[in-house]
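Single-letter residue listing:
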Amino acid sequence: MKEKARLLDKEALGRMLMRIAHEILEKNQDIEELCLVGIRNRGVYLAGRIASCIEKIEKKSIPVGILDITLYRDDLTLIAAQPVVRGTAIDFDVTGKVLILVDDVLYTGRTIRAALDALTDFGRPKIIQLAVLVDRGHRELPIRADYVGKNIPTSLNESIEVRLDESDGKDEVVIMEK
Amino acid sequence: MVWSSKDLLGLEGLSREEIEFILDTASSFKEVSSREIKKVPALRGKTVVNLFYEPSTRTRVSFEIAAKRLSADVINIASETSSVRKGETLVDTGRNIEALKVDIIVIRHNYSGAAQMLARHLKASVVNAGDGWHEHPTQALLDMFTLREKLGRIQGLKVSIVGDIAHSRVARSNIWGLVKLGAQVTVCAPKMLIPAAIEEMGVGVTEDIDLALSGADAVNVLRMQFERDGENAFPRQLDYFSNFGITQERLKKAKKDIIVMHPGPINRGIEMSSEVADGMSSVILEQVTNGIAVRMAVLFLVAQANDRIKNNEDAH
């Protein structure tokens, strides 16, 4: 895989997350029932950043959880590499909440399917909404995002790499090609 | 790091990285048991057989709970009630279980090497739940998991293992694992219960319990197996407690925050006093809880590895 184009830099990414935070607040008036759950790995960092955007706007902090969907995947036996289980940490009750699920890239939709399965084991949220930084298309399941940073149509030969300061030392989104 | 073995037979053959990988995976599984719905679908559709040739409640129940929390189906076979009684060999029993399309066999056997032999003959995963005096890897892993959770590390810890070292697979697995992870291990027992050349495993040896406790970060107290009392070299129960039993008085001279472990079942008043077993230093029940997370990790890793092995065979 080689880098084809750089699509987002630090500033663009920051503005995008702030916009998503505003959209979340616009759609959900009651901040008391709002919570964020990030999907490992990069969804966790994005959820944390959206939460601090919301805090800046509303001067109120909202709970943020971590979801590891490894154990819920439907392709565990198909992936060649070692699946690494890193653990889930949702230390608040999700029942009755408006839960915003956060991930970096929305692609086949299978990760989100697994995440929805996992979340039902933690309780019954009032609403689950989905926020993603990039939607690259090619869905294999009937799933769509409520908040999208950027729609990036891709071919199957391409992949989207989201790099974040917390995990990769810099903020950028690039498109890679075989 | 990739876990590539379809079996877990012992800690002797594992690298430090592999042991740490199991412990890291286990940390992630621990959270599952604290949920209201204590179940994840990772091993849905897999079948686990607990094949126990020796009486065991805690290890078998722990494996059973671990498998069920991963959504596997579990069947228990105890040798007293099976055709082992009719003279079937271990490998034949294993092959018959495999013919039932079982994915993982968890075996406890009184012969050293039983798990290894079964693993060599079967394509199913084999997990050693204790073989003779040889190894009991998941017990040592849960002991190390507990140590790491309590003290934050294994590297550089001083750990003393007290009791019947000679007949203990728990001791052997612990020594292999702890030494690989950089702990400083001392074994302490009456001379007759210390096997010859144990120093070659990289441990210190003492017959002085106060010396074993002095400066130790943790003491792992083994069960005295008085069912072996017929062997006349075995110490008498009362003598053992006065010379080697862990008491509050002895702990007073040890590090203030020393951790006391025991694989169970405890003989109160023989290996340790009740005050110690139920006291502040004891992490015995936490070991039991951690055993589930460790066994979930092991079952998950061997099942994953075996799926990859089978996929590769299909591809060729």
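Every chain is numbered independently, its residues counted from 1 as its sequence is written. Chains carry letters and ligands carry numbers; both start at the beginning, A for chains and 1 for ligands, and go up in the order they are written. Local features are withheld for residues below a pLDDT of 70 in this predicted model, meaning they are given only at 70 or higher, and side-chain atom pairs are given and counted only at 80 or more; totals for whole chains, interfaces and linings count all residues.

(A) The arrangement of the interface of chain B and chain A in detail. Facing 17 residues of chain B, the contacting portion of chain A comprises 15 residues. Helix and strand labels come from DSSP, where a helix needs a run of H or I of at least four residues and a strand needs a run of E of at least two; each type is numbered from the N terminus. Among the elements of the structure, α1 (16-30) and α11 (284-315) of chain B are those that each provide at least two residues to the side of chain B that touches chain A. By residue class, the composition of the side of chain B that touches chain A is 8 nonpolar, 5 polar and 4 charged. Throughout, a residue-residue contact means that the two C-beta atoms, derived from backbone geometry, are no farther apart than 7 Å. Charged residues are taken to be Asp, Glu, Lys and Arg, nonpolar residues to be Ala, Val, Leu, Ile, Met, Phe, Trp, Tyr, Cys and Pro, and polar residues to be all remaining types, Gly included.

(B) Representation of the domain arrangement of chain B within the structure. Residue and element names in this part refer to chain B. Each domain span listed reflects an automatic or database assignment of domains. Split by domain assignment, chain B resolves into domain 1 (16-136 + 290-315) and domain 2 (138-287). Computed from C-alpha atoms alone, the centre-to-centre distance between domain 1 and domain 2 is 27 Å. With 19 residues of domain 1 at the interface, the matching set in domain 2 holds 21 residues. Among the secondary structure elements, those contributing two or more residues to the side of domain 1 that touches domain 2 are α1, β4 (125-131) and α11.

(C) Highlighting the packing of helix α5 (residues 137-151) of chain B against helix α6 (residues 169-180) of chain B. All names here are of chain B. At a minimum axis distance of 8 Å, the contact between α5 and α6 shows a crossing angle of 55°. Classified by the angle their axes make, α5 and α6 are oblique. For the crossing formed where α5 meets α6, the hand is right-handed. Mapping the contact onto sequence places Pro137, Gln139, Ala140, Leu141, Asp143 and Met144 in α5 and Val170, Ser173, Asn174, Gly177 and Leu178 in α6. Whenever a helix is involved, its axis is fitted only over the stretch in contact; in every case the axis is a line through C-alpha atoms, and angles between N-to-C directions fall within 0 to 180 degrees. When an angle is under 35 degrees it counts as roughly parallel; over 145 it counts as roughly antiparallel; between 65 and 115 it counts as roughly perpendicular; any other value is oblique. By convention, the crossing between two helices is left-handed when the near helix turns anticlockwise from the far helix through less than a right angle, and right-handed when the turn is clockwise.

(D) Main features of the nonpolar core. Judged by nonpolar contacts, the single largest core of 146 residues is most densely connected at Ile50(A), Val102(A), Leu70(B), Ile105(B), Ala297(B) and Leu299(B). Residues contacting Leu299(B), with those up to four places away along its chain left out, are Leu43(B), Val48(B), Ala66(B), Ala67(B), Leu70(B), Ile104(B) and Val127(B). Only buried Ala, Val, Leu, Ile, Met, Phe, Trp, Tyr and Cys residues enter a nonpolar core, and they are joined through C-beta atoms within 7 Å. Three exposure classes are used, all based on how many other C-beta atoms lie within 10 Å of a residue's own C-beta (placed from the backbone): buried at 20 or more, exposed at 12 or fewer, and partly exposed between those limits.

(E) Structural detail: the sheet that holds strand β1 (residues 47-52) of chain B. Residues and elements named next belong to chain B. A pair of strands is treated as paired once DSSP finds two or more bridges between them. Read across the sheet, 4 strands follow the order β2-β1-β3-β4 without closing on themselves; strand pairing throughout is parallel. What marks the edges here is a single partner per strand, and that holds for β2 (73-78) and β4. In this sheet, neighbouring strand axes are inclined to one another by 15° on average, regardless of whether the strands run parallel or antiparallel. Judged from the 6 bridges that link them, β1 and β2 form a sheet pairing that is parallel. Within the sheet, the bridge partner assigned to Val48 lies in β2 and is Val74.

(F) Quick peek at the packing of α1(B) against α5(B). Residue and element names in this part refer to chain B. Contact pair α1 / α5: the axes reach a minimum separation of 10 Å and the direction vectors enclose 70°. With respect to α5, the axis of α1 lies roughly perpendicular. Judged by the sense of rotation from one axis to the other, the crossing of α1 with α5 is right-handed. Along the contact surface, α1 presents Ile22, Leu23 and Ala26, while α5 presents Leu141, Met144, Phe145 and Arg148. For the contact of α1 with α5, a count of residues per class yields 6 nonpolar, no polar and 1 charged.

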